[in-house]
Amino acid sequence: MNLDFNLNLTQQQKLIMNQQMQLSVKLLQMSNFQLVEYLNQEIQENPVIDADFSKLEIGEDFEKIDYKKLSEHSASDNYSSSSSYGEEKVSPFNFISEKKSLKDYLKEQLVESNENTIIKTICMYIIEGIDSVGYFTDDLEDTAKFLKVDRSDVDSALKIVQSFEPNGIGAKNLKECLIIQAEEQGLLDDNFQEIILNHLEDIGDNRYNKIAKELNISVKEAQEYGDEIKKFEPKPSRGFYTGDEVKFIIPDAYIENIGEDIYIIMNDTSIPSLSINNVYKDILDAAEDQSAKKYLKEKMNSAIFLMKSINMRRSTMYKVLEKIVDIQKEYFLKGNIYLKAMTLKDISEKIDMHESTVSRAIKEKYIYTNMGIVRIKDLFTTSITNDNSEDVSVNKIKNEIKGLIEQEDNEKPLSDQNIADILKGKDFKISRRTVAKYREEMEIKASSKRKRF
């Protein structure tokens, strides 16, 4: 028997995502409405929290919308934003739901898995970041940097989440969602993948002749592929409660124009003011029962974490809005046509935050402007370079496309190629495929479906 002892130095990776960090991430990505719901629940469950509702203003600057129609993705049931408004003053506290939560269902599966603590913690972060459709769209490199872990661990954690039910959960977009489902069902081959990646629009319009020709297969085979794909679920969250039903928009901030100056006023009046109840402080000081003392300490720590996280959420949002206003000053002063190209990266670099943090800070957040209530995400647009080497926002390109279609001859509607050619004449470098993409994002039908006799 070898009883030699050796001293070895080993490097071990350890991820500590503490309670406050998890809570901060969770609260940051909540809309103002969701935050009010969450706080109401916490106030009921934690006796040491005192809530001041005296300054709470509900029902004045709100708009009632159907979030299900405000899809952030181009996915629809056939693979191809309107709002409902109400003037009735209704308290958001009336809308707390008892439905099954998608995130709770995913967390239950995570608890039952045999993964190590690091991977489970990353999985938890990913689950919290899944949107209302069921996708995880955060940049994985940014996620790794934010959590201070290896990118390979993030990739592994995402694969684990994507293996959970419902099938397709955690995909970054519709195409990956469908590929995950095809792979899960053992149907994925080269043709299946090619159709998903490049021919979803053809499936939606039943253009199986085109698919058959390009893939060198029979029309019958192409239709069989299409029939299978149509059985898949483009929105994995369907059937679960995601908090995105008919609710009220509560603006997170007001953007006020005074002359040439723009001011940001955070909407603190929609959130109750929280504090620690002094009665429980006295009880804690006098308590001799150790179990009671432990219980009160846990509740107080929880309350303190909550208040700190709310302040951190407010601070982060203000920093993001401050830089948005710097970039989009002309937009706020003069109107929509002055909206500049702006990306998450532009903001994240200016405030020294990860893009994923900025993404969470603007997720389902709204601001009240002199043009009405605006979703912050709609202020972010990419750019296209024209022939004069100037950056033109996608929003401006979309307005050009929309204008051309509104003025077209209904008997001879403009094709996507026609539109691309006209825009090139106006110094916009844009392809037919890009025109089709923007047209679909604006929910405008193809020329063949716009024709009127």
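Rules used throughout
- The numbers attached to residues start from 1 for each chain and follow its sequence in the written order.
- A pLDDT threshold of at least 70 governs which residues receive local features in this predicted model, and a stricter bar of 80 or more applies before side-chain atom pairs are shown or counted, although totals over entire chains, interfaces and linings include all residues.
- Side-chain numbers here rest on the full set of heavy atoms in the structure, without hydrogens or water.
- Any Lys or Arg side-chain nitrogen located within 4 Å of an Asp or Glu carboxyl oxygen qualifies as a salt bridge.
- Helix and strand definitions here come from DSSP, where helices need a minimum of 4 consecutive H or I residues and strands a minimum of 2 consecutive E residues; each element is numbered from the N-terminal end.
- For every residue, the accessible area (1.4 Å probe, protein chains only) is compared with the maximum for its type, and the residue is labelled buried under 20%, exposed over 50%, or partly exposed between those bounds.
- Strand pairing follows a simple DSSP-based rule, namely that at least 2 bridges must link the two strands.
- Each axis is a line fitted through C-alpha atoms, taken for helices only over the stretch in contact, and angles between the N-to-C directions span 0 to 180 degrees.
- Working rule for contacts: check all heavy atoms of both residues, and any pair within 4.5 Å makes them a contact.
- What we call a nonpolar core is a set of buried Ala, Val, Leu, Ile, Met, Phe, Trp, Tyr and Cys residues that are connected through their side-chain atoms within 4.5 Å.
- What pLDDT reports is the predictor's confidence in each residue, on a scale of 0 through 100.
- By convention, a stacked pair of Phe, Tyr or Trp rings (six-membered ring in the case of Trp) has centres within 6.5 Å and planes under 30 degrees apart, an edge-to-face pair has planes over 60 apart, and any other such pair is tilted.
- Geometrically, a lysine NZ or arginine CZ counts as sitting over a ring once it is within 6 Å of the ring centre and also within 35 degrees of the ring normal.
- Working rule for helices: expected span equals 1.5 Å times residues minus one.
- Residues forming no salt bridge and having over 30% relative accessible area are the ones grouped into patches, like charges within 9 Å of each other and nonpolar side chains (Val, Leu, Ile, Met, Phe, Trp, Tyr) within 5 Å.
- In this description, accessible areas are obtained by the Shrake-Rupley approach with a 1.4 Å probe, and a residue is regarded as covered only by the protein chains that are shown.
- Within this scheme the basic residues Lys and Arg register as positive and the acidic residues Asp and Glu register as negative, but His and the chain ends are omitted.
- Just so you know, the charge point we use is NZ for Lys, CZ for Arg, CG for Asp and CD for Glu.
- Angles are sorted into four bins: roughly parallel if under 35 degrees, roughly antiparallel if over 145, roughly perpendicular if 65 to 115, and oblique for all others.
- Whether a crossing is left-handed or right-handed is set by the direction in which the near helix is turned from the far one by less than a right angle, anticlockwise for left-handed and clockwise for right-handed.
- Only Asp, Glu, Lys and Arg are considered charged, only Ala, Val, Leu, Ile, Met, Phe, Trp, Tyr, Cys and Pro nonpolar, and every remaining residue, Gly among them, polar.

Draft legend 1. Here's a closer look at the pattern of salt bridges. Applying the stated criterion across every chain yields a total of 21 salt bridges. In this structure, Glu408 engages Arg450 in a salt bridge whose closest nitrogen and oxygen atoms are separated by 2.8 Å. Here Glu408, found in the loop between α17 (394-406) and α18 (416-425), pairs with Arg450, found in helix α20 (residues 447-450); they are 42 residues apart in sequence, far enough to count as distant. Each of the two residues, Glu408 as well as Arg450, counts as buried. One salt-bridge network, in which partners are shared between bridges, spans Glu201, Asp202, Arg207 and Lys210.

Draft legend 2. Representation of the sheet that holds strand β5 (residues 261-266) in the model. Taken in spatial order, the 4 strands line up as β5-β4-β7-β8 in an open sheet, and their pairing is mixed. On the outer flanks of this sheet lie β5 and β8 (372-375), each paired with one strand and no other. If you compare each strand with its neighbour and ignore which way they point, the axes differ by 25° on average. Each of β4 (253-258), β5 and β7 (366-369) touches helix α13 (residues 290-327); the most contacted strand, β5, lies at about 160° to it.

Draft legend 3. Just the nonpolar core, in detail. Of all hydrophobic cores here, the largest spans 26 residues; its most connected members are Val320, Leu321, Ile324, Phe332, Ile347, Ile367 and Leu379. Taken together, the elements giving at least two residues each to this core come down to β4, β5, α13, α14 (329-334), α15 (344-351) and α16 (355-362). Sorting elements by how many residues they give to this core places α13 first, with 6 residues. Ignoring sequence-local partners within four residues, the contact set of Ile347 consists of Val320, Lys323, Ile324, Ile327, Met342, Val358 and Phe380.

Draft legend 4. Geometry of the confidence of the model for the protein. In the predicted model, the protein carries a mean pLDDT of 79, and the fraction of residues at 70 or more is 80%. Element-level mean pLDDT values for the protein span from 40 in strand β2 (residues 63-66) up to 93 in helix α6 (residues 151-162). Predicted confidence is poor over residues 1-7, with pLDDT under 50, and the contacts of this stretch with residues over four places away or in other chains come to 0 contacts. In the model, residues 58-98 has pLDDT below 50 throughout and makes 95 contacts with residues more than four positions away in sequence or in other chains.

Draft legend 5. Structural detail: the side chain of Gln181. With respect to the helices and strands, the residue Gln181 is situated in helix α7 (residues 174-184). Among the residues examined, Gln181 registers a relative accessible area of 4% and is labelled buried. Once residues within four sequence positions are removed from consideration, Gln181 is found in contact with Asn167, Gly168, Phe232 and Glu233.

Draft legend 6. The packing of aromatic side chains, seen in detail. A complete count under the given rule lists 5 aromatic pairs for this structure. Judged by centre distance (5.6 Å) and plane angle (35°), the rings of Tyr125 and Phe146 are tilted. Of this pair, Tyr125 sits in helix α4 (residues 117-129) while Phe146 sits in helix α5 (residues 140-147), placing them 21 residues apart in sequence. Above the plane of the ring of Tyr338 lies Lys334, whose end atom (NZ or CZ) is 5.3 Å from the centre.

Draft legend 7. Up close: the environment of Ile351. Within the secondary structure, Ile351 sits in helix α15. On the basis of relative accessibility, which here comes to 15%, the residue Ile351 falls in the buried class. A sequence separation of 32 residues divides Ile351 from Lys319, and the C-alpha atoms of the two residues are 7.0 Å apart. Those residues in contact with Ile351, other than ones at most four positions away along the chain, are Lys319, Val320, Lys323 and Val358.

Draft legend 8. Representation of helix α2 (residues 32-45). Spanning 14 residues, α2 covers 20 Å between terminal C-alpha atoms, matching the ideal 20 Å at 1.5 Å per step. Counted residue by residue, α2 has 10 buried out of 14 residues, so it is predominantly covered. Buried residues of α2: Asn32, Phe33, Leu35, Val36, Glu37, Tyr38, Leu39, Asn40, Glu42 and Ile43, and no others.

Draft legend 9. Seen up close, a negative patch on the surface. The grouping of Asp189, Asp190, Glu194 and Glu214 at the surface amounts to a negative patch. Along the polypeptide, Glu214 turns up in helix α10 (residues 208-215).

Draft legend 10. Structural view of the packing of α17 against α18. Put simply, α17 and α18 touch, their axes get as near as 11 Å, and they point 120° apart. Looking at the two axes, α17 sits oblique to α18. Here α17 and α18 pass one another in a crossing that is right-handed. Contact with α17, carried on its side by Ile397, Glu400, Ile401, Leu404 and Ile405, involves Ile419, Ile422 and Leu423 of α18 and no other residues of that element. Each residue belonging to the contact of α17 with α18 can be placed in one class, and the counts come to 7 nonpolar, no polar and 1 charged.

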